[in-house]
Amino acid sequence: MQKIVVFTGAGVSAESGIKTFRDHDGLWENHKISEVATPDAWRHNPKLVLDFYNERRKQLLSAKPNQAHKLIAQLQGKYDVHVITQNIDDLHEKAGSKKVIHLHGELMKCRSTLNPNLIYTLKSWKLNIGDKCELGSQLRPHVVWFGEAVPNMEIAYEVASKADVFIVVGSSLTVYPAAGLVNFVSNNSKKYLIDPSDINIQDVENLIIYKEKASSGMEKLASELL
Ligand code: OAD
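Computed from a predicted model, the values in this text were never measured in an experiment.

Rules used in this analysis
Numbering of residues begins from 1 in every chain and follows the order in which that chain's sequence is written. Two thresholds apply to this predicted model, a pLDDT of at least 70 for residue-level local features and 80 or more for giving and counting side-chain atom pairs, whereas whole-chain, interface and lining totals are computed over all residues. The side-chain values count all of the structure's non-hydrogen atoms but skip hydrogen atoms and water molecules. The nearness test applies per residue and asks whether one of its heavy atoms lies within 4 Å of the molecule or strand. Side-chain atoms alone can form a polar contact between residues adjacent in sequence; in general such a contact is a pair of N or O atoms within 3.5 Å, and within protein one must be able to donate a hydrogen while the other accepts it. For every accessible area listed, the method is Shrake-Rupley and the probe measures 1.4 Å; residues are considered covered only by the protein chains on display. Residues are grouped as follows: nonpolar covers Ala, Val, Leu, Ile, Met, Phe, Trp, Tyr, Cys and Pro; charged covers Asp, Glu, Lys and Arg; every other residue, Gly included, is treated as polar. These domain boundaries are the output of an automatic or database domain assignment. Only protein atoms enter the 1 Å grid used here, on which a cavity is any set of points holding a 1.4 Å probe that cannot leave and a pocket is any open set flanked by protein within 12 Å on both sides along at least five of seven lines; residues with an atom within 4 Å of a point are listed as lining. Grid points are joined across faces, edges and corners, and a volume is the space filled by probe spheres set on the points. Here a strand is any run of E in DSSP of at least two residues, a helix any run of H or I of at least four, and the numbering for each starts at the N terminus. Accessible area is worked out with a 1.4 Å probe on protein chains only. A residue is then buried under 20% of its type maximum, exposed over 50%, and partly exposed in between. Contact definition: two residues touch when any of their heavy atoms are within 4.5 Å. Pairing of aromatic rings covers Phe, Tyr and Trp, the last counted by its six-membered ring, and requires centre-to-centre distances within 6.5 Å; plane angles under 30 degrees mean stacked, over 60 mean edge-to-face, and any other angle means tilted. In this scheme, the term charge over a ring applies when either NZ of a lysine or CZ of an arginine sits within 6 Å of the ring centre and within 35 degrees of the ring normal.

This paragraph deals with the site of the ligand. Inspection of the region around the ligand gives 24 residues, with Arg 22, Ser 171, Ser 172, Asp 195 and Ser 197 positioned closest. The contact in question runs from a nitrogen atom of the ligand to an N or O atom on the side chain of Glu 15, over 3.4 Å. Take Ser 171: an N or O atom from its side chain is 2.7 Å from an oxygen atom of the ligand. Starting from 790 Å² of accessible surface for the ligand in isolation, the protein chains cover 93%. Its residues assigned to classes, the shell around the ligand shows 10 nonpolar, nine polar and five charged. No fewer than three residues from each of domain 1 (1-18 + 66-104 + 151-226) and domain 2 (19-62 + 109-143) sit in the shell around the ligand.

Of the pockets and cavities examined, the second largest pocket occupies roughly 260 Å³. Along its surface, the second largest pocket is lined by 14 residues, and Arg 111, His 142, Val 144, Pro 151 and Asn 152 are the ones closest to its centre. At the level of elements, strand E4 (105-112) and strand E6 (139-143) are the ones that each hand at least two residues to the lining of the second largest pocket. For the lining of the second largest pocket, the residue count by class is six nonpolar, five polar and three charged.

Once that is clear, we can look at the side chain of His 104. Topologically, His 104 is positioned in the loop between strand E3 (100-102) and E4. A residue is classified by how much of its surface remains accessible, and His 104, at 17% relative accessible area, is buried. Within the local environment of His 104, its side chain forms a polar contact with the backbone oxygen of Gln 86, the two atoms lying 3.3 Å apart. With near-sequence residues (within four places) excluded, His 104 lies in contact with Thr 85, Gln 86, Ile 88, Val 143, Val 144, Val 175 and Ala 178.

Glancing now at the packing of aromatic side chains. Scanning all chains against the criterion turns up five aromatic pairs. Judged by centre distance (5.0 Å) and plane angle (85 degrees), the rings of Phe 52 and Tyr 53 are edge-to-face. For the pair shown, Phe 52 and Tyr 53 are each scored as buried. The interplanar angle of 20 degrees and the centroid separation of 3.9 Å between the aromatic rings of Tyr 157 and Phe 184 together place this pair among those described as stacked. With Tyr 157 in helix H7 (residues 153-161) and Phe 184 in the loop between strand E7 (165-169) and strand E8 (190-194), this residue pair connects regions lying 27 residues apart in the sequence. We note Arg 56 situated over the ring of Phe 52; from NZ or CZ to the ring centre the distance is 4.5 Å. Sitting over the ring of Trp 145, Arg 140 keeps its end group 3.7 Å from the ring centre.

Structure follows, in structure tokens:
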């Protein structure tokens, strides 16, 4: 079975009503990234950080997978499909994708601030100051903040290096190390990029670009691949 690796960014979820990052002046819902998504922010104002992610979680609970998420899942009927996503939403899983690697964490999970291996699935959108892990330490969002390591990067490199077909959907390819994943794909593999903007991607062989939204781009690509 041929292996398809789909690498997604915020753009794949845009048609589900979840805002992208850089389409909005670099501000995240009127916050500077440094105020809500860094270890420093957590140290100085944990309540603001929790409130920010609570709001994201609340929005996610009413979001549904769009046609792009669904078509990516449908590729599993014919291919060994691995999704590597920069997104913290769970819309790939909701669409039925079975193998999903989250590079930047998962919004619906939280973890211990004492032992990062203690990870819990949240039952509601709210994580509060005073919510503790079994060791008695405050729980934090299970997301990768700026300045933190990306624990799933190694496995992502390995998966990407074995792709027969590599598809990028809806990413500005500006945040490293995730954006460098495409450079681990074999020169012989077919590569596709679906994004309505002009993406700065150079020195990548065998690349076909669909300058479109995720759903219409995936429709064209799925009819070619299925
Ligand atoms: P960006 O906000 O940087 O880029 C979103 C991309 O989606 C842009 O290239 C848009 O052109 C494209 N886009 C917008 N609407 C679209 C649609 N309907 N269909 C397809 N594409 C569309 O988001 P990412 O590249 O995902 O990191 O950002 C990468 C990382 O930066 C995020 O994971 C996050 C952020 O800082 C962390 O939180 C660590």
